[in-house]
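Report on the structure
Okay, here's what each chain looks like letter by letter:
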Amino acid sequence: MTENPFFEASRLAYELPPFAEIREEHYLPAFERGMAEQLAEIEAITDTRSVPTFDNTLLALERSGELLRRVRVVFDNQACSDTTDLLDEVDAKVSPLLAAHHDAIHLDRRLFERIEALYEARADLGLDAESQRLLQRRYDDFVRSGARLGEAEQARLRELNAELAVLGTTFQQNVNAATRAAALVLDSAEELAGLSEGAIAGAAENARVLGHDGKYVLSLKNTSTQPELAQLTDRSVRERLLAASLGRAGDTNGPLAIRMAALRAERAALLGHPSHAAYVVADETAGTVEAVDGLLRRLVEPAVANARREAEELAGVAAADGVEEIAAHDWAYYSEKVRQASYQVDAAVLRPYFELERVLRDGVFFAAKLAYGLEFTERPDLTAHHPDARVFEVFEEDGTALGLFIGDFHARASKRGGAWMDSLVTQSRMTGRRPVVLNNLNIPRPAPGEPVLLTWDEVRTLFHEFGHALHGLFSDVEYPLFAGTSVPRDFVEFPSQVNEMWMVRPEVLANYARHHETGEPLPAELVERMAAAEGFGQGFRTVEYLAATLLDWAWHTVSQGQEVADAEEFEARALADVGLAVPAIPPRYRTAYFQHVFSSGYSAAYYAYIWSEVLDADTVRWFETNGRSVRESGELFRRELLARGFSRDPLESFRAMVGRAPDTAPLLARRGLA
């Protein structure tokens, strides 16, 4: 296929992939050629008769696989944001091939011998700090990938990796299919009582798009608790909606989770670790299972106690409706009633002040200008991966071009749930590339002609994901291995969580929170009540998060040979064992649709959010108390931490910025656990 657009580097600005030319049939040939080309490049490295040098081994390895990189970043995003049956087939075919390709490189004894020779002579190579770190990381990657195993062990490792790749892809496709199939179809608008007119119209439009003309459809979000539960007045509809959410993919993915946990445990043992969790954490900032376990278990008791106090408040309000016991499908509904009664904060009243375009330009982009001096110019002349997606060029304060930002904000049937960031082009001084980053969200599309009004949580998600985007945009490293978000999982969420602070900063909130019809600002007294209401519900949020985290932890502290007969029984026992069997608060993700840990790279690492929040809460306090201006603090945060990526130890970057080690006190205060 001589006209395959992946076969040569993009000529577009910033090497933006030529999406207008890419067709589904281009992916598989590009993957096949890309893997073959990289293996040939590796063969050229190992065939050389010269003594291994940094240039002819490490730099040659870094420069290899350009075609594979181009196709992989585009396909990975497309398969998640706008998949089709054919792309699912390609994904299923390619995932084990990519696992085998990774093994072919990392288990190549000749290549490892060259890297090991350089590693042993590292003190005499005269390398700068980042090059020293590259050598260290590549050596560690090869060892962790099994380079030192014997032939029989390596053969088994290849089998494990191939099967896990297939299972992970199948797990994700099962979740996507089950989530679509479990959408709640309702016959009348009366069943949606409590939702706003706009939300009801959106449900009707969703039904039309999905082929249920004349009905109303609530499509499921990726988490257990669905946002509509806070407004729906019909208790039976709430119960049906939550049951649909909690029951997703149990029959198909329960057995897959059991199998994947067993395979990961076997692989960890093969690589010299007592569990998959131990294997994962050894390469994270946490360092040890004990460190993670200690933090999580310290939080459980105060979080549950906090949730019990919240439940007592809810019970008092629910009793007036004749509800004797708060069930899981009641919690969000009565929490909203308590917020309205105690804090006079009504989610439905807030939404008209959060119109997407205004939040994006006058909130998210405005905060980036305030802290970092950035400017954004939309580029309608540049084509993204989907008609919904928009391309913005990003400029420094002095007008220097920085990179591209792509926003794909709307939900659709072809997009997986949740929100995430991707890097389509990775910054690197070695390659001369500047970054192209992308945010995917799942904001429901309103009825035609209606404004896109966001919930408070959707506003938070927009700021959060843009924090990841900034991490990618600000990258300033030599080697792409270290660029942007290529940091440990338990550090990567830190910058994105910090960026959430701007949504409530007075100067930012006042700039974007304006009524979409009148332009009136969000009333000052409502802002004050919102701030007071933020603390309510922390018990629920912490318990549902910890339940998911410790569920992930339970699955991945399984040792080799430990048998699990039934996924639901394992889940129930795991939650009971840590004191989180709270019927009214289901885990944020149940096993069967826990894509983070069974198909998205967060296995034994979902703890990363709370671990990163220690740094996040401490940094927010630092921004508020360090005596510098917002612009000065932003520049220091950018220079010492965001720009550094993984080119140095992330905790060293934190200390370089703040001047000390992290403090847990701000997190405990924020979560109401102090």
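Everything that follows concerns the structure shown earlier in this document.
Residues numbered from 1 in each chain as written. Predicted model: local features only at pLDDT ≥ 70, side-chain atom pairs only at ≥ 80, totals over all residues. Heavy atoms only, no water.

Some words on the environment of Phe623
Within the fold, Phe623 resides in helix α23 (residues 608–625). Sequence separation between Phe623 and Met501 is 122 residues, and the spatial gap between their C-alpha atoms is 9.8 Å. Setting aside residues no more than four positions away along its own chain, Phe623 makes contact with Val498, Met501, Trp502, Val630, Ser633, Gly634 and Phe637. (Helix = DSSP H or I, 4+ residues; strand = E, 2+ residues; numbered from the N terminus. Contact = heavy atoms within 4.5 Å.)

Observations regarding the nonpolar core
Judged by nonpolar contacts, the single largest core of 166 residues is most densely connected at Phe354, Phe463, Tyr512, Trp555 and Leu580. What Phe463 contacts, discounting residues up to four positions off in sequence, is Val359, Gly363, Val364, Ala367, Ser496, Asn499, Glu500, Trp502, Met503, Val508 and Tyr512. Among the nonpolar cores identified, the runner-up in size contains 31 residues, and Tyr27, Val94, Leu382 and Ile406 belong to it. (Core = buried A, V, L, I, M, F, W, Y, C linked by side-chain atoms within 4.5 Å. Buried < 20%, exposed > 50% of the residue type's maximum accessible area, 1.4 Å probe, protein only.)

Quick notes on the side chain of Ser145
Note on placement: Ser145 falls in the loop between α6 (129–144) and α7 (151–181). Relative accessible area serves as the criterion here: at 13%, Ser145 is assigned to the buried category. Beyond its immediate stretch of four places on either side in the chain, Ser145 contacts His102, His106, Leu107, Leu157 and Leu271.

Examining helix α24 (residues 630–642)
The first and last C-alpha atoms of α24 sit only 16 Å apart over 13 residues, clearly below the 18 Å expected at 1.5 Å per residue. Listed as buried for α24 are Val630, Ser633, Gly634, Leu636, Phe637, Arg638, Glu640, Leu641 and Leu642. (Expected span 1.5 Å × (residues − 1).)

Brief notes about the pattern of salt bridges
Any two side chains of opposite charge can pair, so long as their charged atoms come close to each other. Enumeration according to the criterion identifies 54 salt bridges in this entry. Ionic pairing is found between Lys215 and Asp187, a salt bridge with its closest N-O pair at 2.6 Å. With Lys215 in the loop between α8 (197–209) and β2 (216–218) and Asp187 in the loop between β1 (184–186) and α8, this pair connects stretches of sequence that are 28 residues apart. A salt bridge links Arg238 to Asp330; its shortest N-O distance comes to 2.8 Å. Note that Arg238 is positioned in helix α9 (residues 235–246) and Asp330 in helix α13 (residues 328–343), a separation of 92 residues in sequence. As far as burial versus exposure is concerned, Arg238 and Asp330 are alike and both buried. Several salt bridges share partner residues, and in doing so they unite Glu62, Arg137, Arg138, Asp141, Arg144 and Asp283 into one network. (Salt bridge = Lys/Arg side-chain N within 4 Å of Asp/Glu carboxyl O.)

Observations concerning empty space enclosed by the protein
Tallied over the entire structure, the rule returns one cavity of 30 Å³ or more. What the largest cavity holds in volume is close to 100 Å³. What lines the largest cavity is a set of 14 residues, and nearest its centre among them are Ser10, Glu15, Pro17, Arg69 and Arg70. Of all the elements in the fold, those that place two or more residues in the lining of the largest cavity are α3 (66–81) and β6 (420–425). It is α3 that provides the largest number of residues to the lining of the largest cavity, a total of four residues. The residue inventory of the lining of the largest cavity, partitioned by class, reads nine nonpolar, one polar and four charged. (1 Å grid on protein atoms, 1.4 Å probe; cavity = no way out; pocket = protein on both sides within 12 Å on 5 of 7 lines; lining within 4 Å. Points joined across faces, edges and corners; volume = space filled by probe spheres on them. Nonpolar A, V, L, I, M, F, W, Y, C, P; charged D, E, K, R; others polar.)

A few points about the pairing of strand β5 (residues 401–410)
With respect to burial, β5 is a largely interior element, nine of its 10 residues being buried. Adjacent in sequence and paired antiparallel, strand β4 (residues 390–395) and β5 are bridged by five residues, among which Gly399 carries a positive phi angle near 95°. Where β5 meets strand β7 (residues 436–443), six bridges bridge the pair, whose relative direction is parallel. Residue Leu404 lies in a different strand from β7, and its bridge partner there is Val436. (Pairing = 2+ DSSP bridges.)

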